[in-house]
Amino acid sequence: MISIAMATYNGAKFIHEQIDSILNQTIQDFELVICDDCSTDETPEILHKYAQQDDRIRVYINECNLGFKKNFENVIRKCNGEYIALSDQDDIWLPKHLEILLDKMIGETQLVCGSPIFVNERNEELPKKYDYLKKDFVPDNDEDMARHIFLCRSTFQGASMLIRKSFFDKALPIPDGAEFHDSWFAAFACFAGGLTFVDKPVIRYRRLDNAVTCAYMKLSPVRLLIGSVLVNHAIKDRLTFLNTIKERIPNLSPSKVNLVCTFEKLLKRRNTIWGRIANIPYQIKHFKAIYCYDGKHLFTI
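Keep in mind the model is a prediction, meaning the values are calculated, not measured.

Asker: Is there a simple way to think about the sheet that holds strand 3 (residues 57–61) in this case?
Answerer: Each strand in a sheet pairs with its neighbour through backbone hydrogen bonds, running either in the same direction (parallel) or in the opposite one (antiparallel). Spatially, 3-2-1-4-7-6-8-5 is the arrangement adopted by the eight strands of the open sheet, whose pairing is mixed. This sheet does not close on itself; its edge strands, each paired only once, are strand 3 and strand 5 (92–93). In the sheet, strand 5 pairs with strand 8 (residues 195–206) via two bridges, with the strands oriented antiparallel. Residue pairing in the sheet places W93 in a bridge with I203 of strand 8. Against the sheet, helix 3 (residues 68–77) touches strand 1 (2–8), strand 2 (30–36) and strand 4 (83–87), its axis set at about 150 degrees to strand 1.

Have a look at this one:
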């Protein structure tokens with residue numbers, strides 16, 4: 001069985017569409033576990049109505065507001081399935097969301113992530129420039145995926161993930177210094193069994209066109225490389241990731257130990273402009289993996 005872990009907070013505007021899309025999955029053997037983080041709108045009432053109509057749905061209301069990371073941690077711990085799919089409250093799952101992800105959960109893979117279709121509040125598709133990975137190149141091994149996550153950005157979206165329940169034995173609790181839960185899960189999976197990306201859309205992912213993350217997604221890889229020299233960014237939570245990985249996976253292979261040490265050195269160098277300049281040769285050497293780009297339209301947004 002698959003568990004679907006949904007974290008909600010004041011999601012009344014879109015929650016109907018999201019739950020209906022989950023109930024319309026081609027795989028029907030699932031439970032939908034929802035933890036509401038003390039919503040002040042009609043979300044709890046909507047959730048309880050769905051639960052009354054379908055016994056696969058369980059709804060919990062938190063006693064106090066936990067914030068989105070701890071709320072996800074809370075709902076994950078309440079799941080019973082062998083696999084756990086994460087769900088936001090305002091997206092729309094495509095009918096084969098679970099089917100596509102489960103089909104790639106093979107071997108030692110711990111986490112499978114699909115591709116999103118970016119839409120605005122009205123469910124209108126946004127231009128391709130919003131695509132996280134630009135579909136030019138996707139790393140096909142854990143070391144390159146780790147380079148992308150630690151040295152550029154995590155483009156593996158939580159609401160498109162399916163994860164083995166056993167993965168959370170070590171992945172939880174989410175480190176206090178982690179900025180986002182899905183970035184942590186993706187980073188940890190690279191060192192704890194494997195992350196697989198499926199270049200198939202599984203979700204219609206709502207984004208506000210003026211959101212900061214949308215503006216960042218439109219930057220070309222060359223502009224991102226230049227930005228990594230000029231700006232000291234994304235080191236605190238990535239160093240937290242590395243420290244936590246070393247603590248929770250003491251038997252890392254020599255190659256992964258070397259990768260951890262390399263990332264620590266590169267990230268700590270970002271504290272100075274000269275250190276960021278010193279990082280350039282490594283970033284150029286692994287340009288394709290770090291920026292998920294094969295060289296087409298390097299300077300275009």
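Asker: What should I look at first to understand the pattern of salt bridges in this one?
Answerer: When charged atoms on two side chains of opposite charge get close, those side chains can pair. All told, the structure shown has 10 salt bridges when counted by the stated rule. The residue R206 makes a salt bridge to E17 at a minimum N-O spacing of 2.3 Å. Taken together, the positions of R206 in strand 8 and E17 in helix 1 (residues 15–23) put the pair 189 residues apart, joining distant regions of the chain. On the basis of relative accessible area, E17 is assigned to the partly exposed category, the value being 36%.

Asker: Teacher, can you tell me more about helix 11 (residues 254–269) here?
Answerer: Spacing of three or four residues puts side chains on the same side of an α-helix, whose turn is 3.6 residues. Across its 16 residues, helix 11 extends 23 Å between first and last C-alpha, which sits within 8% of the 22 Å expected from 1.5 Å per residue. Within the span of helix 11, buried status applies to K256, L259, V260, T262, F263, E264, L266 and L267.

Asker: Explanation requested: the pairing of strand 2 in the structure shown.
Answerer: Every other side chain in a regular strand lies on the same face of the sheet, so the side chains alternate between the two faces. Within strand 2, seven of the seven residues are buried, leaving the element largely enclosed by the surrounding structure. Of the two faces of strand 2, the one holding F30, L32, I34 and D36 and the one holding E31, V33 and C35 are both buried throughout. Note that strand 1 and strand 2 share seven bridges and pair parallel. Its bridge partner lying in strand 2, I2 is registered against F30. You can see the chain leave strand 1, run along helix 1 and come back into strand 2, and the turn it takes is right-handed.

Asker: Help me out: how do you make sense of unusual backbone geometry in this one?
Answerer: Glycine aside, the phi torsion of most residues is negative, and most peptide linkages are trans. Here the amide bond leading from L172 into P173 is cis, since omega sits at 0 degrees, within 30 degrees of zero. The residue P173 is located in the loop between helix 6 (168–171) and helix 7 (181–191) in this model. One non-glycine residue with positive phi stands out, namely N10, at about 50 degrees. Along the chain, N10 turns up in the loop between strand 1 and helix 1. The class of N10 is partly exposed, set by a relative accessible area of 30%.

Asker: Looking at this model, I keep getting lost on the nonpolar core. Mind explaining?
Answerer: Across soluble globular proteins, you tend to see nonpolar side chains buried next to one another. Core analysis: the biggest nonpolar cluster contains 54 residues, and F150, F156, F168, W184, F185, F191 and F263 have the highest contact counts within it. Counting residues per element, this core draws most heavily on helix 7, at eight residues. Residue contacts for F263: discarding those within four places in its chain leaves A146, R147, F150, L151, F191, L242 and Y282. A12, I15, Y83 and F118 belong to the second-largest nonpolar core, a separate cluster that totals 32 residues.

Asker: Help me out: how do you make sense of the side chain of Q89 in this one?
Answerer: By the secondary structure assignment, Q89 is in the loop between strand 4 and strand 5. In this structure the side chain of Q89 is engaged in a polar contact, spanning 2.7 Å, whose partner is the backbone nitrogen of Y9. Once residues within four sequence positions are removed from consideration, Q89 is found in contact with A7, T8, Y9, N10, G11, F14, I15 and Q18.

Asker: How do you make sense of the packing of aromatic side chains when you look at a structure like this?
Answerer: The geometry of an aromatic ring pair comes down to the distance between the two centres and the angle between the two planes. Applying the stated rule across the entire model yields 13 aromatic pairs. A centroid spacing of 5.5 Å and a plane angle of 70 degrees characterise the contact between F167 and F188, whose relative ring orientation is edge-to-face. One end of the pair, F167, is in the loop between strand 7 (161–164) and helix 6; the other, F188, is in helix 7, and 21 residues separate them in sequence. Here the two residues F167 and F188 agree in accessibility, since each one is buried.

Asker: Help me out: how do you make sense of the pairing of strand 6 (residues 111–119) in this one?
Answerer: Here strand 6 lies mainly inside the structure; nine of its nine residues are buried. For strand 6 and strand 7, the ladder comprises three bridges, and the chain directions are antiparallel. Residue pairing in the sheet places V112 in a bridge with L162 of strand 7. Pairing of strand 6 with strand 8, which is carried by eight bridges, proceeds in the parallel orientation. Bridge pairing in strand 8 places V119 opposite R206.

Asker: Hey, could you run me through the environment of A289 in this one?
Answerer: As for its placement among the helices and strands, A289 is situated in helix 14 (residues 287–291). Accessibility expressed as a relative area gives 6% for A289, which makes it buried. Taking C-alpha positions, A289 is 6.5 Å from R147, a pair spaced 142 residues apart along the chain.

Each value, and the rule that gives it
Residues numbered from 1 in each chain as written. Predicted model: local features only at pLDDT ≥ 70, side-chain atom pairs only at ≥ 80, totals over all residues. Heavy atoms only, no water. Pairing = 2+ DSSP bridges. Helix = DSSP H or I, 4+ residues; strand = E, 2+ residues; numbered from the N terminus. Contact = heavy atoms within 4.5 Å. Axes fitted to C-alpha atoms, helices over the stretch in contact; angles between N-to-C directions. Salt bridge = Lys/Arg side-chain N within 4 Å of Asp/Glu carboxyl O. Buried < 20%, exposed > 50% of the residue type's maximum accessible area, 1.4 Å probe, protein only. Expected span 1.5 Å × (residues − 1). Right-handed = clockwise from strand over helix to strand, strands pointing away. Core = buried A, V, L, I, M, F, W, Y, C linked by side-chain atoms within 4.5 Å. Polar contact = N/O pair within 3.5 Å; in protein donor to acceptor, adjacent residues only side chain to side chain. Phe/Tyr/Trp six-rings, centres within 6.5 Å; stacked < 30°, edge-to-face > 60°.

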